[in-house]
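Residue-level structural notes
This is what each chain is made of:
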Amino acid sequence: ENAIVDNKRIEVSNQITDFQLKIKKLESNIRQFPPEAEEAKRIIQNEFNKRGIKCQVRLFAELVESLNDESWRKSIETFLWNKRFNIIVDDDYCHEALKILNEKNIYKTSVILTDKIPETEIEEKSAASVLNITNKGARRYANYLLNGIHLCENIEELHEYPKGGITKDGMLCKSYAASKMQIQKTELCLGNNVVKIQLEQAKKELEKLVLEKSGYDFAGWLCNIDG
């Protein structure tokens, strides 16, 4: 029993260290993304540099400049989920990025073939209309993903959009199937102003972990007394 408590305490201590580092970066105004997405971006950028390709490799999330209605943020980000961390390069270099993805066996993110996505207008009252994006490839990708997702004020309206719709509280209809998204678990990352939100989230998580660790510390102390 004591060994289990010790292992849990070590695990939580490591998580606390990770969050302290994350908070330090956020306080320096550095937006945080999943490590595997950052690593994939780094690998492709390094290969571009080696091959003399002058193109900046970015995550889709980095190219969303802002949201024009913050009340839809959690629902849209939860719907997009890992697609937020897909890689966007200039249209001319999509095939080169595709080759690198294959050669370097990058499994945990995708390269978006923006050169193949058709141009479309932003649909009114769609999730696409909430995202402000000037990068042409990222704009086409956002429209492709979100033009078909209608912004619904309630579940009655959602019922009228069974092919694609979301509500602010996380109800989703897609392909005639309705479900509830766990928006409270989403780590937010879209928009240049999101660092403040990420910092607040990280501090809350750190508080929970510190509280959890104190419980294991107390349990370990009891185990030692009993021993």
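Overview of the structure. Counting restarts for each chain: residues are numbered from 1 in the order of the written sequence. Local features in a predicted model are, by the rule used here, given only for residues with pLDDT of at least 70; side-chain atom pairs are given and counted only at 80 or more, and totals for whole chains, interfaces and linings are based on all residues. Note that water and hydrogens are dropped before the side-chain values are worked out from all heavy atoms of the structure.

1. Thoughts on the pairing of strand β7 (residues 171–174)
In the sheet, strand β6 (residues 164–167) pairs with β7 via three bridges, with the strands oriented antiparallel. The residue of β7 that forms the bridge with Gly165 is Cys173. Judged from the four bridges that link them, β7 and strand β8 (residues 177–180) form a sheet pairing that is antiparallel. What sits directly across from Leu172, in β8, is Ser179. Where β7 folds back onto β8 in an antiparallel hairpin, the turn is made up of two residues, including Ser175, whose phi is positive at roughly 55 degrees. What makes two strands pair is DSSP finding at least two bridges between them. Note on conventions: DSSP H or I runs of at least 4 residues are helices, E runs of at least 2 residues are strands, and numbering of each starts at the N terminus.

2. Focus on the nonpolar core
For this analysis, a nonpolar core means a set of buried residues of the types Ala, Val, Leu, Ile, Met, Phe, Trp, Tyr and Cys, connected via side-chain atoms within 4.5 Å. Three labels apply to residues, based on accessible area from a 1.4 Å probe with only protein chains included: buried if under 20% of the type maximum, exposed if over 50%, partly exposed otherwise in between. Formed by 48 residues in total, the largest nonpolar core has its most connected members in Ile44, Phe48, Phe60, Ile76, Leu131, Leu146 and Ile166. Elements that contribute at least two residues to this core include exactly α2 (35–50), α3 (60–63), α4 (73–80), β3 (87–88), α5 (94–103) and α6 (136–146). In terms of residues, this core owes the most to one element, α6, which gives five residues. Leu26, Leu199, Leu209 and Tyr216 belong to the second largest nonpolar core, which has twelve residues in total.

3. A few points about α6
Burial analysis of α6 places nine of its eleven residues in the buried class, which makes it a mostly covered element. For α6, the full list of buried residues reads Gly137, Ala138, Arg139, Arg140, Tyr141, Ala142, Asn143, Leu145 and Leu146. For this analysis, residues touch if any pair of their heavy atoms sits within 4.5 Å. Residues of α6 that are buried in the fold lie against α3, α4, β3 and β4 (131–132). In this structure Asn135 caps α6, since a side-chain oxygen of it lies 3.2 Å from the backbone nitrogen of Gly137. In the analysis that follows, any N or O atom pair within 3.5 Å is treated as a polar contact, provided that within protein one partner can donate a hydrogen and the other can accept it, and provided that, for residues neighboring in sequence, both atoms belong to side chains.

4. Side note on the pattern of salt bridges
Any Lys or Arg side-chain nitrogen found within 4 Å of a carboxyl oxygen on Asp or Glu counts as a salt bridge. One pass over the full model with this rule turns up 18 salt bridges. As a salt-bridge pair, Lys99 and Glu96 come within 3.5 Å of each other at their nearest N and O atoms. Taken together, the residues span about one helical turn, with Lys99 and Glu96 both in helix α5 at a distance of three residues. The residue Glu157 makes a salt bridge to Lys125 at a minimum N-O spacing of 3.3 Å. Highlighted residues: Glu157 in helix α7 (residues 155–159) and Lys125 in the loop between α5 and β4, separated in sequence by 32 residues. Each member of the salt-bridge network shares a partner with another, and the members are Glu47, Lys50, Arg51, Glu96, Lys99, Glu103 and Lys104.

5. Considering unusual backbone geometry
For Asn105, which is not glycine, the phi torsion reads 50 degrees and is therefore positive. Along the chain, the position of Asn105 falls in the loop between α5 and β4. Overall, the relative accessible area of 48% leaves Asn105 in the partly exposed class.

6. Quick word on the pairing of β6
With burial as the criterion, each face of β6 is covered, one bearing Gly164 and Ile166 and the other bearing Gly165 and Thr167. Where strand β5 (residues 150–152) and β6 come together, three bridges link them in parallel fashion. Bridged to Leu151 within β6 is Ile166. Following β6, the chain reverses through three residues before pairing antiparallel with β7; Gly170 in that reversal takes a positive phi of roughly 100 degrees.

7. Side note on the packing of aromatic side chains
Centre distance within 6.5 Å is the pairing criterion for rings of Phe, Tyr and Trp, where only the six-membered ring of Trp is used; planes under 30 degrees apart are then read as stacked, over 60 as edge-to-face, and the remainder as tilted. Considering all chains together, one arrives at three aromatic pairs under this definition. Between Phe33 and Phe85, the ring centres sit 6.4 Å apart and the planes meet at 70 degrees, which makes this aromatic pair edge-to-face. With Phe33 in the loop between α1 (2–27) and α2 and Phe85 in the loop between α4 and β3, this pair connects stretches of sequence that are 52 residues apart. According to the relative accessible area criterion, Phe85 is buried, its value standing at 8%.

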